[in-house]
Structures are given as C-alpha cells and as structure tokens.
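Read off the chains here:
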Amino acid sequence: IFKRPYRIEELFLFLCGRRHAVIPHLLQTHTESNAPEIKISADTHSASFAGNMIYFTQTEFKILSLLLSKRGTPVSRDELYSCVWKNREKNTNTLDVYIRYMRKKFSVFFDYDIIKTVRNVGYTLTDRVTWRF
C-alpha cells in the first residue's frame, strides 16, 4: 500500500483518514519571545525538535543548508538550482517538489510554514524558530 517509508506520526494520520491534519500533542504554538529551537545535525541529515527527529534526504538537506546559510534574505530559485542541481534545467518543478516534501515533514510539528515562499523571488526560512547546529 505504501510507496515510501513513513514515520509513525504520518501512519497514524493516514489510518485516521486525516492525511493533512496535525497530531494535537505534537503541535507547538509559540510566541516570538518563546521561539522553538530546532537543532540541525549535518552528520545525520536531521533536525530535532522537542525530542522528535525529522530526517531529510541528501537533496533536502542541501536545500535546507543553503536556506540556513542565507537566513533573513530570500534565496532565489536560480541560486537554489545552481547550488543543489548543477546540471539540471531550471524550468522543471523539481525544486517545488522538494520544498513540498520538506514542508510536509515540518508540518507534523508546526502549524505554520517553516519555509516561506517569497513571490517572484524564491524561498526563505521563517523567523519564528531558532536554529542551532
């Protein structure tokens, strides 16, 4: 039935018939003064938040690393394509697919987008969380 490995939270949501819902006890809403902290591990290509792990593929981690290195400023689609996929055409929707995968992984724990789209420019990370390495 399943075409890719799922985390237990995703399976729970799928079995409950709520594919895009969020598990209430994992949902964290924070004020700006009490921003959640996400710890990034380059060794395991993962992020940890409140004892929960989010694992990324190599490509997803490259995108996240580039967005983290330019925090506060939008990263253009062209720059993301040239840094992550050196020989790929820039008119494909590959980047959109990977951004969607990453947003889905973060959406299990957050009720807002960690990766924000800057219209006609590119992508940036939200300032509602604190990143630690």
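Look up: the structure comes first, before these words.
If you're wondering where the values come from, they're calculated on a predicted model, not measured in any experiment.

Draft legend 1. Fine view of the side chain of Glu 60. Assignment of secondary structure puts Glu 60 in helix H2 (residues 58-69). Among the residues examined, Glu 60 registers a relative accessible area of 2% and is labelled buried. Among the polar contacts listed, one links the side chain of Glu 60 to the side chain of Lys 105, at a separation of 2.6 Å. The residues contacting Glu 60, other than those within four sequence positions of it, are Tyr 55, Tyr 98, Tyr 101, Met 102 and Lys 105.

Draft legend 2. Representation of the sheet that holds strand S5 (residues 115-118) within the structure. The 3 strands lie next to each other as S4-S6-S5, forming an open sheet whose pairing is antiparallel. The sheet is open, and its two edges are formed by strand S4 (75-76) and S5, each paired on a single side. Examined bridge by bridge, S5 and strand S6 (residues 122-125) share 4 bridges and lie antiparallel to one another. Each residue of the ladder has a partner; that of Val 118, found in S6, is Gly 122. Sheet contacts for H2: S4, S5 and S6; angle to S6, the most-contacted strand, approximately 75°.

Draft legend 3. Structural view of the sheet that holds strand S2 (residues 46-49). Spatial strand order, S3-S2-S1-S7: 4 strands in an open sheet with mixed pairing. Strands with a single pairing partner mark the edges of an open sheet, and in this sheet they are strand S3 (52-55) and strand S7 (130-132). For this sheet, the mean angle separating the axes of adjacent strands, direction not counted, is 25°. Sheet topology note: the strand S1 (residues 37-41)/S2 ladder contains 3 bridges and is antiparallel. By the bridge assignment for S2, Lys 39 is matched with Ser 48. Set on the sheet, H2 makes contact with S1, S2, S3 and S7; between it and S1 the angle comes to about 125°.

Calculation rules
- Residues numbered from 1 in each chain as written.
- Predicted model: local features only at pLDDT ≥ 70, side-chain atom pairs only at ≥ 80, totals over all residues.
- Heavy atoms only, no water.
- Helix = DSSP H or I, 4+ residues; strand = E, 2+ residues; numbered from the N terminus.
- Buried < 20%, exposed > 50% of the residue type's maximum accessible area, 1.4 Å probe, protein only.
- Polar contact = N/O pair within 3.5 Å; in protein donor to acceptor, adjacent residues only side chain to side chain.
- Contact = heavy atoms within 4.5 Å.
- Pairing = 2+ DSSP bridges.
- Axes fitted to C-alpha atoms, helices over the stretch in contact; angles between N-to-C directions.

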